[in-house]
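Below are the chains, spelled out letter by letter.
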Amino acid sequence: MYTVQIIQDILIGFVLPAAICVVLPVMVVWFITRKKINETNRRSEIIMAAIEKNSEVSIDDYLTKMAPPQISFKERQIKKMQSKLTFGFVLIGLGVAWLLIPVWGSMYFEFTKAAVILQSCFLGAPCLATGAGLVIGYFADRKMLERYFEREQEA
């Protein structure tokens, strides 16, 4: 009985966090790298087939057609700003939720364990601060982007 509990504690206490913190990021990087390698291989196969056929179409045309579309500076900045705002509000929501867990728990379940309150503060405060920083960064970027476009229109 005790050995099963010890094994469960080890699995939940060590293996699960290690899998989330180590294996998951490695797999994400591996998938992204694999996708880029496959795209490069596909392009090179098409170019090699065009060279082997000795076609009259220039390879430069193929490369320009197959290249990913160029995103303008404005579109890139707007996309970054949207992601900042989205993640900012998500983190603010998580932070508020983590900070309200002890309040909700003490109202309905009548527990006031210091460990739960401390853990909730350690999880909620960084989420709330990071989310607020991202939202503030969004407004600063928006103001900077407006100034940039004003200068661009003047020139």
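These numbers were taken from a predicted model, which means no experiment stands behind them.

Draft legend 1. Structural view of the overall build of the chain. Helices and strands together make up the secondary structure of the chain, namely four helices and zero strands. The proportion of buried residues among the 155 residues of the chain is 12%. Restricting the contact set of the chain to residue pairs at least 6 apart, pairs at least 24 apart contribute 72%. Accessible surface computed for the chain: about 12800 Å², of which carbon and sulfur atoms make up 68%.

Draft legend 2. Summary view of the environment of Gln77. Structurally, the position occupied by Gln77 is in helix 3 (residues 73-108). Measuring from C-alpha to C-alpha, the distance between Gln77 and Arg142 comes to 9.0 Å, with 65 residues separating the pair along the chain.

Draft legend 3. Fine view of a positive patch on the surface. On the surface, Arg142, Lys143, Arg147 and Arg151 cluster together to form a positively charged patch. Relative to the helices and strands, Arg142 is located in helix 4 (residues 114-154).

Draft legend 4. A look at the packing of aromatic side chains. Counted according to the given criterion, the structure contains four aromatic pairs. Look at Trp30 and Phe31: their rings are 5.0 Å apart centre to centre, the planes differ by 50 degrees, and that puts the pair in the tilted class. Residue class for Trp30 comes out partly exposed when judged on its relative accessible area of 44%. Cation over ring: Lys74 sits above Phe149, and NZ or CZ is 5.3 Å from the ring centre.

Draft legend 5. Representation of helix 3. Over its 36 residues, helix 3 extends 51 Å from the first C-alpha to the last, a length consistent with the 52 Å expected when each residue adds 1.5 Å. For helix 3, the principal kink sits at Leu100 and spans about 35 degrees; a proline, Pro102, occurs within the next four residues. Those residues of helix 3 that sit buried are Gln77, Met81, Gly88, Gly95, Pro102 and Gly105.

Draft legend 6. Examining the pattern of salt bridges more closely. Throughout the structure, instances matching the rule amount to one salt bridge. A salt bridge links Lys84 to Asp141, with the nearest nitrogen and oxygen atoms 2.5 Å apart. Here Asp141 lies in helix 4 and Lys84 lies in helix 3, a separation of 57 residues in the sequence. With relative accessibility at 17%, the residue Asp141 sits in the buried group.

Draft legend 7. Spotlight on the side chain of Ser120. Looking at the secondary structure, you find Ser120 in helix 4. Not counting residues up to four positions away in its chain, the partners in contact with Ser120 are Trp98, Leu99, Ile101 and Pro102.

Reading guide: rules and limits
- Residues numbered from 1 in each chain as written.
- Predicted model: local features only at pLDDT ≥ 70, side-chain atom pairs only at ≥ 80, totals over all residues.
- Heavy atoms only, no water.
- Helix = DSSP H or I, 4+ residues; strand = E, 2+ residues; numbered from the N terminus.
- Buried < 20%, exposed > 50% of the residue type's maximum accessible area, 1.4 Å probe, protein only.
- Contact = heavy atoms within 4.5 Å.
- Areas by Shrake-Rupley, 256 points an atom, 1.4 Å probe, with all protein chains shown as cover.
- Patch = residues over 30% accessible without salt bridge, like charges linked within 9 Å, V, L, I, M, F, W, Y side chains within 5 Å.
- Salt bridge = Lys/Arg side-chain N within 4 Å of Asp/Glu carboxyl O.
- Lys, Arg positive; Asp, Glu negative; His and termini not counted.
- Charge placed at Lys NZ, Arg CZ, Asp CG, Glu CD.
- Phe/Tyr/Trp six-rings, centres within 6.5 Å; stacked < 30°, edge-to-face > 60°.
- Lys NZ or Arg CZ within 6 Å of the ring centre and 35° of its normal.
- Expected span 1.5 Å × (residues − 1).
- Bend = angle between axes of the 7 residues up to and from the residue.

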